[in-house]
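Chain and residue survey
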Amino acid sequence: MDVFSRTFLPAASEAGLAVQTATRHMPVFRRCVGSGDATILVTRCGRPDRPMSGDYLLLLTHRRLVVTRQTPVLHRLRLHLNAELRELSHVTWSPDPRLHSVELAATAIDGIRERFLIRTQFPKQVWQLDALLNHAFRTRVRSALPRIVATVAEAPTATRPTTLHPAVAR
């Protein structure tokens, strides 16, 4: 059993999803997520700007954000969003413990601003969700550019005199 399979079902049950719902969405998620990617969060969500557009299921891993949509009438599954976390920009979330919800917003690589409303049962879950989102988006891997450290003692290489080691000079 791969990492995704081992972590997806426990995360779905922790979110209170029925096993039938989780297994129904699993093939769509599996096409988008690698087998070695661990699930951080699986939860139902809605669109605050389109309340009657159907049910959404959000999957967050260490590398990807995937959102599926189930149509209201025929209950067909559609892939709504599939993006690597580093491709998302302007990611914000607003926890609201009074309403037991967190609004997550991000701009996808195509420039479309996506907004999702995640509802929880208890105010404590709002802060747990806030911590998970903070871990996923604030502490993700920074760019791999090396840090430039300037030293005062060294002269630039163009003005530094070149001296050869005595063994090499012979």
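So, here is what we can say about the structure in this document.

The rules behind the values
Residues numbered from 1 in each chain as written. Predicted model: local features only at pLDDT ≥ 70, side-chain atom pairs only at ≥ 80, totals over all residues. Heavy atoms only, no water. Helix = DSSP H or I, 4+ residues; strand = E, 2+ residues; numbered from the N terminus. Contact = heavy atoms within 4.5 Å. Areas by Shrake-Rupley, 256 points an atom, 1.4 Å probe, with all protein chains shown as cover. Buried < 20%, exposed > 50% of the residue type's maximum accessible area, 1.4 Å probe, protein only. Salt bridge = Lys/Arg side-chain N within 4 Å of Asp/Glu carboxyl O. Core = buried A, V, L, I, M, F, W, Y, C linked by side-chain atoms within 4.5 Å.

1. Comments concerning the overall build of the protein
Each helix and strand in the protein was counted, giving 4 helices and 7 strands. Mapped from its N terminus to its C terminus, the protein presents α and β elements in the order α-α-β-β-β-β-β-β-β-α-α. Put simply, of all contacts in the protein between residues at least 6 apart along the chain, 47% involve residues at least 24 apart. Only carbon and sulfur atoms are counted for the fraction: they give 56% of the accessible area of the protein, which is about 11,300 Å².

2. Some remarks on unusual backbone geometry
For His 75, which is not a glycine, the phi torsion comes out positive at approximately 60°. Relative to the helices and strands, His 75 resides in the loop between strand 3 (64-70) and strand 4 (77-84). The class for His 75 is partly exposed, based on a relative accessible area of 39%. Phi at His 100 takes a positive value of approximately 55°, unusual for a residue other than glycine. With respect to the helices and strands, the residue His 100 is situated in the loop between strand 5 (89-96) and strand 6 (101-107).

3. Considerations on the pattern of salt bridges
What the rule picks out here adds up to 6 salt bridges. Glu 114 is the partner of Arg 47 in a salt bridge, and the nearest nitrogen-oxygen pair spans 3.5 Å. With Arg 47 in the loop between strand 1 (39-45) and strand 2 (55-61) and Glu 114 in strand 7 (residues 113-119), this pair connects stretches of sequence that are 67 residues apart. The pair Arg 47 / Glu 114 is uniform in exposure class, with both members buried. Across the salt bridge formed by Glu 84 and Arg 64, the nearest N and O atoms sit 3.6 Å from each other.

4. Topic: the nonpolar core
Core analysis: the largest hydrophobic core is formed by 25 residues, its most contacted members being Leu 58, Leu 60, Leu 88, Leu 133 and Phe 137. Put simply, the parts of the chain that give this core at least two residues each are strand 1, strand 2, strand 3, strand 4, strand 5, strand 6, strand 7 and helix 3 (123-137). By residue number, the principal contributor to this core is helix 3, which donates 5 residues. Core analysis: the next-biggest nonpolar cluster, separate from the first, contains 14 residues, Ala 12, Leu 17, Phe 29 and Leu 57 among them.

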